[in-house]
Amino acid sequence: GAGVSQSPSNKVTEKGKDVELRCDPISGHTALYWYRQSLGQGLEFLIYFQGNSAPDKSGLPSDRFSAERTGGSVSTLTIQRTQQEDSAVYLCASSLGDRASETQYFGPGTRLLVL
Amino acid sequence: GEDVEQSLFLSVREGDSSVINCTYTDSSSTYLYWYKQEPGAGLQLLTYIFSNMDMKQDQRLTVLLNKKDKHLSLRIADTQTGDSAIYFCAENYGAGSYQLTFGKGTKLSVIP
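Everything quoted here is computed from the prediction, not taken from an experiment.

What counts, and where the lines are drawn
- Residues numbered from 1 in each chain as written.
- Chains lettered and ligands numbered in written order.
- Predicted model: local features only at pLDDT ≥ 70, side-chain atom pairs only at ≥ 80, totals over all residues.
- Heavy atoms only, no water.
- Helix = DSSP H or I, 4+ residues; strand = E, 2+ residues; numbered from the N terminus.
- Rg over C-alpha atoms; globule rule 2.2 N^0.38 Å.
- Areas by Shrake-Rupley, 256 points an atom, 1.4 Å probe, with all protein chains shown as cover.
- Lys, Arg positive; Asp, Glu negative; His and termini not counted.
- Charge placed at Lys NZ, Arg CZ, Asp CG, Glu CD.
- Pairing = 2+ DSSP bridges.
- Axes fitted to C-alpha atoms, helices over the stretch in contact; angles between N-to-C directions.
- Contact = heavy atoms within 4.5 Å.
- Buried area = accessible area lost by both parts, 1.4 Å probe.
- Salt bridge = Lys/Arg side-chain N within 4 Å of Asp/Glu carboxyl O.
- Polar contact = N/O pair within 3.5 Å; in protein donor to acceptor, adjacent residues only side chain to side chain.
- Nonpolar A, V, L, I, M, F, W, Y, C, P; charged D, E, K, R; others polar.

Draft legend 1. Looking closely at the overall build of chain B. A tally of regular secondary structure across chain B gives zero helices and eleven strands. The helix and strand sequence of chain B, counted from the amino end, reads β-β-β-β-β-β-β-β-β-β-β. Over its C-alpha atoms chain B spans a radius of gyration of 13 Å, differing by no more than 12% from the 13 Å that the globule rule assigns to 112 residues. For the C-alpha atoms alone, the extent of chain B along its principal axes is close to 45 × 30 × 20 Å. Summed over its atoms, the accessible surface of chain B is roughly 5400 Å², and 48% of this surface lies on carbon and sulfur atoms. When the 10 positive and 13 negative side-chain charges of chain B are each reduced to one mean point, those points stand 2 Å apart.

Okay, structure coming up:
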């Protein structure tokens, strides 16, 4: 079956512009996660959705970052007024449920470059 | 806070065994994971181990867990060139048990 898909695969933008990153989770997966992978920083947790609700937004680095999920499916991560330090790979993952025993399946990521 | 440490690079010859090591700090972790990331691709779950286990074997992969020392290792037997990738160790933490904390990854290079 189809895995987690993300779009765009690459995004180049100018500093100060807004960007939207999209994630399509595996059908039927109720939990969805956003991570950021920066050079030398490993993967950072950003936000987690259970259904359409985001019980944990603790990883969002600033108020320029927001995310929403609609219909318990597609999620959009929005970065407003992008900065060069936002350049990273943004990874989305989904899992059937949110217990630790549930495997998180990752998408290929969106590579964001802020000039 | 929670922290996961890994060495950054490992180089082995094709056919040899690879051992990738990881240390973590959160003793309340329930599951520990190994993910593989090939160039330009997302993360692929290789295997995971429940914290009350010492060892888990899955074909060429062996995971060893030393809970006392908070040390996790991944052994790849008969390493192949297709195993060249970045390997991430991850732990879950917190009451919600959904957040994963990742190490920075170990880049495995397999020499033909």
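Draft legend 2. The sheet that holds strand 7 (residues 61-66) of chain B, seen in detail. Residues and elements named next belong to chain B. Spatial strand order, 1-3-8-7-6: five strands in an open sheet with antiparallel pairing. Each of the sheet's edge strands pairs with one partner strand only, and the pair in question is strand 1 (4-6) and strand 6 (55-58). With direction set aside, neighbouring strand axes in the sheet form an average angle of 15°. Sheet topology note: the strand 3 (residues 18-24)/strand 8 (residues 71-76) ladder contains six bridges and is antiparallel. Residue pairing in the sheet places Asn-21 in a bridge with Ser-73 of strand 8.

Draft legend 3. Highlighting the interface of chain A and chain B. Listed by partner, the interface residues are 22 residues for chain A and 20 residues for chain B. Counting each side, the surface lost to burial between chain A and chain B is near 1600 Å², with a carbon and sulfur contribution of 56%. Counting every contact that joins chain A to chain B gives zero salt bridges. Across the contact surface, chain A and chain B share two residue pairs in polar contact (both at pLDDT 80 or more). Listed by contribution, the elements that provide at least two residues to the side of chain A that touches chain B are strand 4 (31-38) and strand 5 (42-50) of chain A. Ranked by the residues each element gives to the side of chain A that touches chain B, the list is headed by strand 5 of chain A, at four residues. A breakdown of the residues in the side of chain A that touches chain B according to their chemical character gives nine nonpolar, nine polar and four charged.

Draft legend 4. Summary view of the sheet that holds strand 3 (residues 19-24) of chain A. Residues and elements named next belong to chain A. Pairing within the open sheet is antiparallel, and its four strands lie in the order 1-3-8-7. Each end of this open sheet is capped by a strand with a single partner; those strands are strand 1 (5-7) and strand 7 (65-69). Adjacent strand axes in the sheet meet at a mean angle of 15° when their direction is disregarded. Pairing of strand 3 with strand 8 (residues 75-79) involves five bridges; the strand directions are antiparallel. Directly across from Val-19, in strand 8, lies its bridge partner Ile-79.

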